[in-house]
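# Descriptive analysis of the structure
Single-letter residue listing:
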Amino acid sequence: MSSSTTAPDSAGDVSLSAVAPAPAAPSPEAREWTPRAVGMGLLVGSLLAVTNVSMGLKLGWWESGSVMAAVLGFGGLSAVSRRRGAPYTTLENNLTQVSAVAVGAMPAAAGLLGPLPALMLLGLEVPGVAVAAWSVALGVLGVLAAHLLRRRLMEEEKLAFPTGIATAELITAMHASAPEENRGRGWWLAAAAALSTGFTVLRDAFQKVPGMVAAPGTVGGASAASLTWGLAWSPMLVAVGMMAGLHLGLSMLLGALVGWGVLSPWLVSTGAVKEAGFDALQTWLTWPGVGLLVGSAAVSLTAQARDFWRVAKDLGSLRSGGGGPRWAWLSGGVACVLALGLGVGVYGMSAAQGVLALVLVLPLCAVCARGAGQLDVSPVSQVGQLSQVAAGVLLPGGVGPNVAVGGVVSGAAAQTGVSLWALKAGHLLGASPGRMLGAQLLGVLAGSLVSVPAYLLLTRAYGLGSEALPAPFAQQFRAVAELASRGLDGLPPNALFAGSVAAGVGALLTLLARGRAARWVPSPVAMGIGFILPAYFAVTLCLGGVLAAVARWRWPASTGRNVPALAAGAIAAESLVGVALGALKLLGFMA
């Protein structure tokens, strides 16, 4: 899962230690680049991209998708290929997950989960064609950065990239195991998708099921319902909680308890906020929520200080034969020109701000690459906000251009992190780097064509910044831009103090999480999201975490295989149905 950082998806019962440390040697006749492998990757990636748009706008989380793409690719093609006498090979399965991951990461690369919603909330309307072109430019930069750094980090330093190892092991295990074992995952996924589809249609199309059941009673003199307490009837939120786990679910619930259970009633009773309600209270609660996120990000980046020094060596190695073919540099140059032109002409950046953003792209992508390789976490939003601060100090300007600078860096970095996880799996399986690069670039193009329409449909049908689509990380980008551009003017009363305290708490919790008590320390990122989202989001997500924990305790043997498949089916189905119903709304077929 991913929030302010790009984190991998769960690998279920995969054992990392079972993977050989060196790449496998494929047989000469092994098929790799085939229409079915690439086609399945683009199909699975498109499903993943739509899911990530919906989940990202609701929760700020998105899936890297390597494991899910490998499972769906195997489930969709292995049986068919056996009947036709052409077995679906491990290299084909790897190419499927490589292309799917590139497509699935495009919502984050395009800035659809943070920077672009922030700009829209600031009143800047960007044409869909411009967003699509912008996303292609940033996606290409991110993929090329991953390939430029691949030899240095993967072959010379041999960094782990644990998600890539898990994906390679899963692919190897599926192709070696009995068909019945893999078929079980497919049945769980299909059953969950069918139930989630039916439930979502009953809720959103026929209004036979409520969207949320409000909690009864009052909290501090205000009704619990007005403070957004209740339980959402959402398979997606329950499934996200199942995949995120009990620790993140409880952390998010703790943030909601402090924000919506303690601070909100106090704000209403003192008159700091005139009336209870999501819109009025979120304006104030955004600041302590963002404070938790920024405090955690600052400590995380400080902990990676050595990586900043190593980036110079990483970039220096590109001049000594590790930088890839010349056409890659040419493609990167075209992408830079396109990003700069759109940044100045559409997003309102000055030429100097655009150049600064592009200068920061490769070094900060290298920082994210090292995080992905060493810690299995890529600090995407953090480097985006670091670039916002740099732009605010060096080239102060408006809030919108500052957000756009952060969007350039975070967008490219999002694609770099997931690309390296996918490339690590291919490295272990003996895949061709050139063919994987081609699959990823094709995935970038396909991802932009899928992600942007899905984003426009959802935001126009359900309203950006509403309870349905709170876009929590848009609030973070906007808040950092306002501080970098305007200083402290315009902040709600006492919001600066609350944000400063929250930043300190976020930094302290992040430090404590690096010690022996890590399992008992709440996640400041999840807590911050709990401040920004309606309280019933946290309640429902935490319920999913509890259900998954009970299942793992009661049925430990099968849960590792089946829970990720069940959750993925529920999330994808509700996301796709939501986009379809949004299209029907815009076309006038639904109220």
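In what follows, the structure referred to is the one given above.
These numbers come from a predicted model, not from an experiment.

Conventions adopted
Residues numbered from 1 in each chain as written. Predicted model: local features only at pLDDT ≥ 70, side-chain atom pairs only at ≥ 80, totals over all residues. Heavy atoms only, no water. Salt bridge = Lys/Arg side-chain N within 4 Å of Asp/Glu carboxyl O. Helix = DSSP H or I, 4+ residues; strand = E, 2+ residues; numbered from the N terminus. Buried < 20%, exposed > 50% of the residue type's maximum accessible area, 1.4 Å probe, protein only. Phe/Tyr/Trp six-rings, centres within 6.5 Å; stacked < 30°, edge-to-face > 60°. 1 Å grid on protein atoms, 1.4 Å probe; cavity = no way out; pocket = protein on both sides within 12 Å on 5 of 7 lines; lining within 4 Å. Points joined across faces, edges and corners; volume = space filled by probe spheres on them. Nonpolar A, V, L, I, M, F, W, Y, C, P; charged D, E, K, R; others polar. Patch = residues over 30% accessible without salt bridge, like charges linked within 9 Å, V, L, I, M, F, W, Y side chains within 5 Å. Areas by Shrake-Rupley, 256 points an atom, 1.4 Å probe, with all protein chains shown as cover. Core = buried A, V, L, I, M, F, W, Y, C linked by side-chain atoms within 4.5 Å. Contact = heavy atoms within 4.5 Å.

Before going further, it helps to examine the pattern of salt bridges. Tallied over the entire structure, the rule returns 6 salt bridges. Linking glutamate 32 and arginine 435 is a salt bridge whose minimum nitrogen-to-oxygen distance equals 3.3 Å. A residue pair is termed long-range when its members are at least 10 positions apart, and glutamate 32 in the segment before helix H1 (35–59) and arginine 435 in helix H17 (residues 433–462) qualify at 403 residues. A salt bridge links glutamate 574 to lysine 58, with the nearest nitrogen and oxygen atoms 3.6 Å apart. Taken together, the residues span a long stretch of sequence, with glutamate 574 in helix H22 (residues 556–586) and lysine 58 in helix H1 at a distance of 516 residues. Using a relative accessible area of 3% as the deciding quantity, one classes glutamate 574 as buried. Using a relative accessible area of 17% as the deciding quantity, one classes lysine 58 as buried. Overlapping salt bridges bring together Lys58, Arg203, Asp204 and Glu574 as one network.

It is worth spelling out the packing of aromatic side chains at this point. Enumeration over the complete set of coordinates arrives at 4 aromatic pairs. Seen from their ring centres, tryptophan 134 and tyrosine 347 are 4.2 Å apart, and the 40 degrees between their planes marks the pair as tilted. In this pair, tryptophan 134 sits in helix H6 (residues 128–156) while tyrosine 347 sits in the loop between helix H13 (326–345) and helix H14 (351–374), placing the two residues 213 residues apart along the sequence. Residue class for tryptophan 134 comes out buried when judged on its relative accessible area of 4%. Aromatic side chains phenylalanine 199 and tryptophan 233 sit 6.1 Å apart centroid to centroid with 25 degrees between the ring planes, which places their arrangement in the stacked category. A residue pair is termed long-range when its members are at least 10 positions apart, and phenylalanine 199 in helix H8 (residues 179–205) and tryptophan 233 in the loop between strand E4 (230–232) and helix H9 (235–244) qualify at 34 residues. Exposure remark for tryptophan 233: the relative accessible area of 36% places this residue in the partly exposed category.

Moving on, we get to the layout of surface pockets. Roughly 520 Å³ of volume is contained in the second largest pocket. As for the second largest pocket, its lining consists of 27 residues, and the residues nearest its centre are Lys58, Arg203, Asp204, Tyr462 and Ala468. Secondary-structure elements contributing two or more residues to the lining of the second largest pocket are H1, H8, H17, helix H21 (535–554) and H22. A per-element tally of the lining of the second largest pocket places H22 first, with 6 residues. Of the residues in the lining of the second largest pocket, the class split is 15 nonpolar, 6 polar and 6 charged.

A surface patch of nonpolar side chains, amounting to about 490 Å² of accessible area, comprises Leu246, Leu250, Val546, Val550 and Trp553. When contributions to the nonpolar patch are tallied by element, the ones reaching two or more residues are helix H10 (246–270) and H21.

Excluding glycine, residues mostly carry a negative phi; peptide bonds, for their part, are mostly trans. One non-glycine residue, phenylalanine 161, adopts positive backbone phi at about 45 degrees. Mapping phenylalanine 161 onto the fold places it in the loop between H6 and helix H7 (162–176). Relative accessible area serves as the criterion here: at 0%, phenylalanine 161 is assigned to the buried category. In this model, asparagine 494 sits at a positive phi of 65 degrees, which is unusual for a non-glycine residue. Among the structural elements, asparagine 494 can be located in the loop between helix H18 (472–486) and helix H19 (495–512).

With that settled, consider the nonpolar core. Counting residues in hydrophobic clusters, the biggest one holds 108 residues, and the most contacted among them are Leu112, Phe161, Tyr347 and Tyr455. Beyond its immediate stretch of four places on either side in the chain, tyrosine 455 contacts Val53, Leu57, Leu112, Leu116, Pro117, Met120 and Leu464. Of all hydrophobic cores here, the second largest spans 55 residues; its members include Leu59, Leu227, Trp284 and Ala526.

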